[in-house]
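Notes for the structure review
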Amino acid sequence: MFILVIKITSHIYPIQIKLNFIKQYYYLSLIITVRKKIIAGNWKMHKTQAEALEFLSVLKLNLANTTEKADIVLCVPFTLLSLLSKSLHGGNIHLGAQNIHWANEGAFTGEISGSMLVDLNANYVIVGHSERRQYFGETDKIVNEKVIAAQYHKIKPILCVGETKKQRDAGEVEKVIVKQLEQSLVNVDQGNLVIAYEPIWAIGTGETCNVLEANRIIGIIREQVTNKGITIQYGGSVTPKNISEIMTQPNIDGVLVGGASLNPLSFSEIINY
Ligand code: 13P
């Protein structure tokens, strides 16, 4: 007798084949991981409400005839979450924030908590972006607490890691990335996580990381995580011109796009790659 049991979870497809042979059971487990692709835009500190609605109307027109190759996420300023959560309703576009506080509430003037983000229907949140680390003093420990806070509220963190030019030139890329991961992933549920490799020297500079190199580093990141099904994106000067080449790399599961996500035409070209 031959029984094939297929169990489908969110994006990992474990296939278990159970063999009955001379009254003995032999189990052959074959795990096939199909990783979810995610194309996310990070608007950073851009756009008023009117500009966001204008963006969305043009984007939606340009996505009308495309096949869904990847999930789309828009990580917008806090001030746009409420508006966009109503406008995105029912579409294939998910909503993300760009920051979260580690505490659920308290005396933290100017901060936004996970429960506030849930209230505004944010499904994703960027954590540990290099701009937060550089300008707002976020350490790996703080990043770790923020990832845990997001997961507590069932918001999927997009954890950013990446090296500076100086660290790359000193041959320290692997060491830097491994340390960031080790410290950021303490007590983290790897079943509810996205990682973005964003080399800092490639952000906003037009100097994209060589795709083979980005693929290599993302392979190293995957070696560090226990859940091999995690979506790992590349970020740093992604444009309509380089998206196809980036997406053909076997380790790269999507992109985190800054500047080119601000224009609905260039972002739709990236989504329709
Ligand atoms: P750019 O695409 O503008 O280089 O920004 C990348 C980024 O920081 C995404 O989070």
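Overview of the structure. Predicted model only: the values in this text are computed from it and were never measured. (Residues numbered from 1 in each chain as written. Predicted model: local features only at pLDDT ≥ 70, side-chain atom pairs only at ≥ 80, totals over all residues. Heavy atoms only, no water.)

On to the sheet that holds strand β9 (residues 194-197), then. Read around the closed barrel, eight strands run β4-β5-β6-β7-β8-β9-β10-β11, paired in parallel fashion. Neighbour to neighbour, the strand axes of the sheet diverge by 25 degrees on average, direction disregarded. In this structure, strand β7 (residues 124-127) lies alongside strand β8 (residues 156-161), joined through four bridges in parallel fashion. What sits directly across from Ile126, in β8, is Ile158. Strand contacts of helix α5 (residues 140-152): β7 and β8, with the helix running at about 160 degrees to β8, the strand carrying the most contacts. Where helix α8 (residues 211-224) meets the sheet, it contacts β8, β9 and β10 (231-235), and its direction lies at approximately 145 degrees from that of β10. (Pairing = 2+ DSSP bridges. Helix = DSSP H or I, 4+ residues; strand = E, 2+ residues; numbered from the N terminus. Axes fitted to C-alpha atoms, helices over the stretch in contact; angles between N-to-C directions. Contact = heavy atoms within 4.5 Å.)

Between helix α1 (residues 49-63) and helix α2 (residues 78-87), whose axes approach to 10 Å, the crossing angle comes to 35 degrees. Once α1 is placed against α2, the crossing between them reads as right-handed. The residues of α2 that touch α1, namely those facing Gln49, Ala52, Leu53, Leu56 and Lys60, are Thr79, Leu80, Leu83, Leu84 and Ser87. When the residues that make up the contact of α1 with α2 are grouped by side-chain class, the tally is six nonpolar, three polar and one charged. (Left-handed = near helix turned anticlockwise from the far one by under 90°. Nonpolar A, V, L, I, M, F, W, Y, C, P; charged D, E, K, R; others polar.)

A few words on the site of the ligand. As a matter of local geometry, the ligand sits amid 13 residues, with Lys44, His129, Gly204, Ser237 and Gly259 nearest to it. Here Glu198 contributes a side-chain N or O atom positioned 3.0 Å from an oxygen atom of the ligand. Taking 310 Å² as the accessible area of the ligand by itself, protein coverage stands at 94%. Its residues assigned to classes, the shell around the ligand comprises four nonpolar, seven polar and two charged. (Near = heavy atom within 4 Å. Polar contact = N/O pair within 3.5 Å; in protein donor to acceptor, adjacent residues only side chain to side chain. Areas by Shrake-Rupley, 256 points an atom, 1.4 Å probe, with all protein chains shown as cover.)

What follows deals with the layout of surface pockets. Over the atoms a probe the size of a water molecule is rolled, and this reveals where empty space is left. The volume enclosed by the largest pocket comes to roughly 550 Å³. In terms of lining residues, the largest pocket is bounded by 18 residues, among which Lys44, Met45, Gln98, Arg132 and Phe136 are the most central. Counting residues per element, the ones that place at least two in the lining of the largest pocket are α2 and α4 (130-136). For the lining of the largest pocket, the element with the highest residue contribution is α4, accounting for four residues. (1 Å grid on protein atoms, 1.4 Å probe; cavity = no way out; pocket = protein on both sides within 12 Å on 5 of 7 lines; lining within 4 Å. Points joined across faces, edges and corners; volume = space filled by probe spheres on them.)

Looking now at helix α7 (residues 173-184). Here α7 is twelve residues long and its end C-alpha atoms lie 16 Å apart, about the 16 Å a rise of 1.5 Å per residue gives. Taken together, the buried positions of α7 are Val173, Val176, Ile177, Val178, Gln180, Leu181 and Ser184. (Expected span 1.5 Å × (residues − 1). Buried < 20%, exposed > 50% of the residue type's maximum accessible area, 1.4 Å probe, protein only.)

Glancing now at α8. Compared with the 20 Å implied by 1.5 Å per residue over 14 residues, the 20 Å span of α8 between its first and last C-alpha is a close match. Among the 14 residues that make up α8, ten are buried, leaving the element largely enclosed by the rest of the structure. All of the buried residues along α8 are Val211, Glu213, Ala214, Asn215, Ile217, Ile218, Gly219, Ile220, Ile221 and Arg222. The inward-facing, buried residues of α8 abut β8, α6 (165-169), α7, β9, β10 and α9 (243-247). With a side-chain oxygen positioned 2.8 Å from the backbone nitrogen of Leu212, the residue opening α8 is Asn210.

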